[in-house]
Amino acid sequence: MDNLSEALEKLKLASSDSATDSVESCLDCLLKALANNNTEASMKIQEMAILPLLPSLLKPQSSCTPKVANIIAEVAKNEFMRTPCVDAGLIPPLIQLLNSADQEVLLQTGRALGNICYDSHSLQAQLINMGVIPTLVKLLGIHSHNTALTEMCLIAFGNLAELESSKEQFASTNIAEELVRLFQKQTEHEKKEMIFEVLAPLAENDVIKLQLVEAGLVECLLQVVAQTVDGEREEDIAQLKTASDLMVLLLLGDESMQKLFEGGKGSVFQRVLSWIPSHNHQLQLAGALAIANFARNDGNCIHMVDTGIVQKLLELLDRHVEEGNVTVQHAALSALRNLAIPVVNKSKMLSAGVADVVLKFLQSEMPPVQFKLLGTLRMLIDTQAEAADQLGTNGKLVERLVEWCEAKDHAGVMGESNRLLSALIRHSKSKEVVRTVIQGGGVKHLVTMATSEHMIMQNEALVALGLIAALDLVAAEKDFVGASLVSVLHKLLSDERSAPEIKYNSMILICAVMGSEPLHKEVQSLAFIDVVSKLRAHENKTVSHQASLTEQRLTAQS
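These lines cover the structure that appears in this document, whether it is placed above or below. (Residues numbered from 1 in each chain as written. Predicted model: local features only at pLDDT ≥ 70, side-chain atom pairs only at ≥ 80, totals over all residues. Heavy atoms only, no water.)

**Re the overall build of the protein chain**
Okay, so step 1: Helix and strand content of the protein chain: 36 helices and zero strands.
Okay, so step 2: At 34 Å, the protein chain has a C-alpha radius of gyration far larger than the 24 Å of a compact globule built from 558 residues.
Okay, so step 3: In the protein chain, which comprises 558 residues, the share counted as buried stands at 56%.
Okay, so step 4: Put simply, of all contacts in the protein chain between residues at least 6 apart along the chain, 71% involve residues at least 24 apart.
Okay, so step 5: The distance from the centre of the 48 positive side-chain charges to the centre of the 68 negative ones in the protein chain is 6 Å. (Helix = DSSP H or I, 4+ residues; strand = E, 2+ residues; numbered from the N terminus. Rg over C-alpha atoms; globule rule 2.2 N^0.38 Å. Buried < 20%, exposed > 50% of the residue type's maximum accessible area, 1.4 Å probe, protein only. Contact = heavy atoms within 4.5 Å. Lys, Arg positive; Asp, Glu negative; His and termini not counted. Charge placed at Lys NZ, Arg CZ, Asp CG, Glu CD.)

Have a look at this one:
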């Protein structure tokens, strides 16, 4: 350590004289000390105020420069040295050195900057603002044959790509082409993994997604899948997962997805289809997720249903009733739900037996599967009276829906159960369905749904409750009283924030329940006539007209 102190003192003197030889021997001594005991040597360097001397030694043409950058890289391995490095003004001269033609200077400079900014989003953002991304991308293109430099660039990209502010800068470079070119040359698993780690955060950006597709990344990914699908080594399994996950991520961008769909004739789309019947769970999952992503517009959905994809998904689900892979179940149900959105697809999918297969998962205890199952059935019965009638008179389904309406730990499942319960009544308009829901204890949940913070759910509940009152008021009377329906309607009509359609449907429902003696008494006791008469002046003509009719009804029956 005495030698180090001596070397540091010499360095102070030599740096002011610009004596290159004596500076170099001091730097060698420092590097030796850091290799011996990094922490102790770094503390000594800090103690003797050496860092502020280093910016002047970082000259592009100097033979000392790689060693100075190496020293900075070594001391910045210690967290306590990173702020002093910034305070000493080391970042600007280091960034300047990234324009050097000397590969050793570039390597050590990259290490130094990486270590100083390690784990600091604010410092990484500073580098981005100083234009480091285009410089590094250019370096990768020039020095792609230099393994150490390439790895340095990839590590830097991996760190910077995590920041949202970097995406725009990356998108303005040819990073996609450079990474794809580099990936195509790799044979080692570790190198491919390094590139994957950069690709994943970059591919979250829609502009870069399209650039990656155009640069040929998809073909690379399909090749990885083909090479690893039957592999049993851990690295094969890892690569298969990474490649297929990245493929699905690329399909999340509208433009990149449509480019790969190619009107349903694209070779990539066809290849992804072949993953669904695969025996590999990872590929089944990626295939189903890919279909769900392709099914993001009506044209694609209609084409896919017409070309028999539904059957493939149903066969996949059938295999997983027993095997029970939750992620595959969830993905396949997601795909079916999306495919069921266009009106023309609903009857075709019902004829193909989608509802029957989906109902096999009714006993699932997994909330993500429950949520998608409910969404799929709700999409299928929309405007399909016969299917709504069939499902609405299925006692087991209604019983399960009522149970899930109480799933307070899973708001999504609870909301979807309520919405499906309402949809069964609204689309069937069937007395039998209404009876099944009343017997199953569903009425109170629909009354609660009418108080939801989401207007669409309030409205769906009020329309369903109106149909219950119109089709079987006698059977529903007890449940309406028990759930304080009249009181809920009074609140909805009194609340200025209630949307016009909520007020309108609440008044329709008031008129419908007047045929019940106990409910009629409640209406009278809450002085509804005062609330309704105010609504006659409502700006919405439909509401004001209904208010007049409701007022007449209330007056006539008072």
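**Description of the packing of aromatic side chains**
Okay, so step 1: Summed over all chains, the structure comprises five aromatic pairs.
Okay, so step 2: A ring pair is formed by phenylalanine 157 and phenylalanine 170, whose centres lie 5.6 Å apart and whose planes are at 80°; its orientation type is edge-to-face. Within this pair, whereas phenylalanine 157 is found in helix H10 (residues 147–160), its partner phenylalanine 170 is found in helix H11 (residues 164–171), the two being separated by 13 residues in sequence.
Okay, so step 3: Judged by its relative accessible area of 0%, phenylalanine 170 falls in the buried class. (Phe/Tyr/Trp six-rings, centres within 6.5 Å; stacked < 30°, edge-to-face > 60°.)

**Things to note about the side chain of threonine 65**
Okay, so step 1: Note that threonine 65 resides in helix H4 (residues 65–75).
Okay, so step 2: For threonine 65, the side chain forms a polar contact with the main-chain oxygen of lysine 59, separated by 2.4 Å.
Okay, so step 3: Not counting chain neighbours up to four residues away, the residues in contact with threonine 65 comprise Leu57, Leu58, Lys59, Leu97 and Val105. (Polar contact = N/O pair within 3.5 Å; in protein donor to acceptor, adjacent residues only side chain to side chain.)

**Re the packing of helix H27 (residues 395–404) against helix H28 (residues 411–428)**
Okay, so step 1: At a minimum axis separation of 8 Å, H27 and H28 run at an interaxial angle of 140°. On the basis of their axis angle, the class for H27 and H28 is oblique. Remark: the crossing between H27 and H28 carries left-handed chirality. Contacts from Val398, Leu401, Val402 and Trp404 of H27 reach H28 at Val413, Met414, Ser417, Leu420, Leu421 and Leu424.
Okay, so step 2: Considering only residue class, the contact of H27 with H28 consists of nine nonpolar, one polar and no charged. (Axes fitted to C-alpha atoms, helices over the stretch in contact; angles between N-to-C directions. Parallel < 35°, antiparallel > 145°, perpendicular 65-115°, else oblique. Left-handed = near helix turned anticlockwise from the far one by under 90°. Nonpolar A, V, L, I, M, F, W, Y, C, P; charged D, E, K, R; others polar.)

**Quick look at the nonpolar core**
Okay, so step 1: Grouped together as the largest cluster of nonpolar side chains are 201 residues, with contacts concentrated most on Leu339 and Phe480.
Okay, so step 2: The greatest single-element share of this core, amounting to 11 residues, is contributed by helix H31 (residues 455–482).
Okay, so step 3: In this view, leucine 339 contacts Ile291, Ala295, Cys301, Met304, Val305, Ile309, Val310, Leu313, Asn345 and Met349; residues no more than four positions away in its chain are not counted. (Core = buried A, V, L, I, M, F, W, Y, C linked by side-chain atoms within 4.5 Å.)

**With respect to unusual backbone geometry**
Okay, so step 1: For glutamate 262, which is not glycine, the phi dihedral falls at a positive 45°.
Okay, so step 2: Positionally, glutamate 262 belongs in the loop between helix H17 (254–261) and helix H18 (267–273).
Okay, so step 3: The phi dihedral of threonine 383 is positive, around 70°, even though this residue is not glycine.
Okay, so step 4: Tracing the backbone through its elements, the reader meets threonine 383 in the loop between helix H25 (367–381) and helix H26 (385–392).

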